[in-house]
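Understanding the architecture of this molecule
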Amino acid sequence: MPLHLETCSDGTYINAVRAFNDSLFTFPFRMTLVRRAWLVALIVLSARIAVAQVLASGSHTVTVQVPQVTALQIMTRTLTMTVSAINTQAGQDEMTVTDRTTQLVWGINSSGKKITASTSVATPLFKLKLVALNPTRGTPAPEMTVNTTPSDLLLNVGRSTGSCILSYTGIALASQGAGTDAHVITFTVLNQ
Amino acid sequence: MARTRGLVFALLLLSAVPTGALAQSITVQGGNPIIRLTGGSPIVEPMVLSSTTCMLRWKRLKDTAKITVSTVCPGQRFTLKVFAIAIGDGVAAPEVTLTDGMLAVDFITDIVRDKNRDYNCTLRYTASATYAQGNSGELGGDDVHTVRYTLLEQ
């Protein structure tokens, strides 16, 4: 049943008018100060019932800070490669031995990075070559002869975690005789 | 006289509406923590670090109440979660993942009335980030959350 309000001409009365079955019921409703106060109280009470009351609130700030992080891990720490009779062929001066048992794992959270490799041995007796195989992320650089200057091993490894196989190849000439090179290989993350 | 009585009664009714609200309280103690993810093993991802330096303290004087949590963090990039441990009163909800602009969700429920003491819990914040998500420097800054705890009727 529709209900509407009408204000009388001098503003002192508000009529609540209801129509029902085409007959019209009207009743005067004088909005005095007392009744206005009641009306406000009732409205506020009903709002309180409709919504769970918030009793108190407090806050603080929490900051999450993530600096540049670079993590490298080599899964085989010590590697021994021996050129033996297995690696030799009569009449051939060059002898080689290859090892692919070492894995390099990295985590880098900044962009535009590469991984390089270098050795501690400035004047090795024999040649040592290195190349990254099957990287899960990034682009392998061409096979390098390891020296004391960092050389590219893997490119485009920024903002990633990944791994690759390190393929070492030791090369000795029969004419060079016997000897031992003890390399400490260092892997470094640098800007690309 | 009747008019005066009516006014007084209406005013009493209005004053009764926020009953006890000013006496209830909830505060966060321990300052504003900074969680700095400094690294981890590249084999285990994501990088994770927790902070338990802050406490939440509240007083409840009326019927059963609960505490909700929400956050605002414009441009959020990393993950932050919060969980209530060592609760003095109430039941901890499951760990909440704080997401920028989220609606308030339950943090502690079934808090009963006790006008004689304050209760508290430890806030365990856990931040995490993957390497692929990058770092604050490249992304324009840290994630700064304004975390709000609200005590309300259950």
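This write-up is about the structure you can find in this document. No experiment lies behind these values; they were computed from the predicted model shown.

1. A word on the overall build of chain B
In terms of regular secondary structure, chain B is built from two helices and 10 strands. Overall, chain B shows an N-to-C arrangement of helices and strands of α-β-β-β-β-β-β-β-β-β-α-β. Across the 154 residues that make up chain B, the buried fraction comes to 38%. Contacts in chain B between residues far apart in sequence, at least 24 positions, make up 80% of those at least 6 positions apart.

2. Quick notes on the pairing of strand β6 (residues 94-108) of chain A
On any regular strand, side chains alternate: one points to one face of the sheet, the next to the other face. Residue and element names in this part refer to chain A. As paired strands, strand β5 (residues 70-74) and β6 are joined by five bridges and run antiparallel to one another. Each bridged residue has a counterpart across the sheet, and for alanine 71 the counterpart in β6 is glycine 107. Pairing geometry for β6 and strand β12 (residues 160-173), over 13 bridges, is antiparallel. Looking at the pairing, tryptophan 106 lines up with glycine 162 of β12.

3. Regarding the interface of chain B and chain A
On the side of chain A, 40 residues touch chain B, which itself brings 59 residues to the contact. Taken together, chain B and chain A are joined by one salt bridge. Between A:Arg159 and B:Glu138 there is a salt bridge, with its nearest N and O atoms 3.3 Å apart. Taken together, the connections running from chain B to chain A amount to 25 residue pairs in polar contact (both at pLDDT 80 or more). Of all the secondary structure elements, the ones that give two or more residues to the side of chain B that touches chain A are α1 (2-16), β1 (25-29), β2 (34-36), β3 (47-59), β9 (119-129), α2 (136-139) and β10 (143-153) of chain B. Take the side of chain B that touches chain A: its biggest share by element is 11 residues, from β10(B). Along the lines of polarity and charge, the residues of the side of chain B that touches chain A split into 33 nonpolar, 17 polar and nine charged. Note that strand β4 (residues 54-65) of chain A and β2(B) share three bridges and pair parallel. Across the sheet, the residue bridging to A:Val64 is B:Ile35, located in β2(B).

4. Brief notes about the environment of A:Lys127
Of note, A:Lys127 is situated in strand β8 (residues 127-133). Not counting residues within four places of it along the chain, the set of residues in contact with A:Lys127 comprises A:Thr145, A:Thr169, A:Gly170 and A:Ile171.

Rules behind the numbers
Residues numbered from 1 in each chain as written. Chains lettered and ligands numbered in written order. Predicted model: local features only at pLDDT ≥ 70, side-chain atom pairs only at ≥ 80, totals over all residues. Heavy atoms only, no water. Helix = DSSP H or I, 4+ residues; strand = E, 2+ residues; numbered from the N terminus. Buried < 20%, exposed > 50% of the residue type's maximum accessible area, 1.4 Å probe, protein only. Contact = heavy atoms within 4.5 Å. Pairing = 2+ DSSP bridges. Salt bridge = Lys/Arg side-chain N within 4 Å of Asp/Glu carboxyl O. Polar contact = N/O pair within 3.5 Å; in protein donor to acceptor, adjacent residues only side chain to side chain. Nonpolar A, V, L, I, M, F, W, Y, C, P; charged D, E, K, R; others polar.

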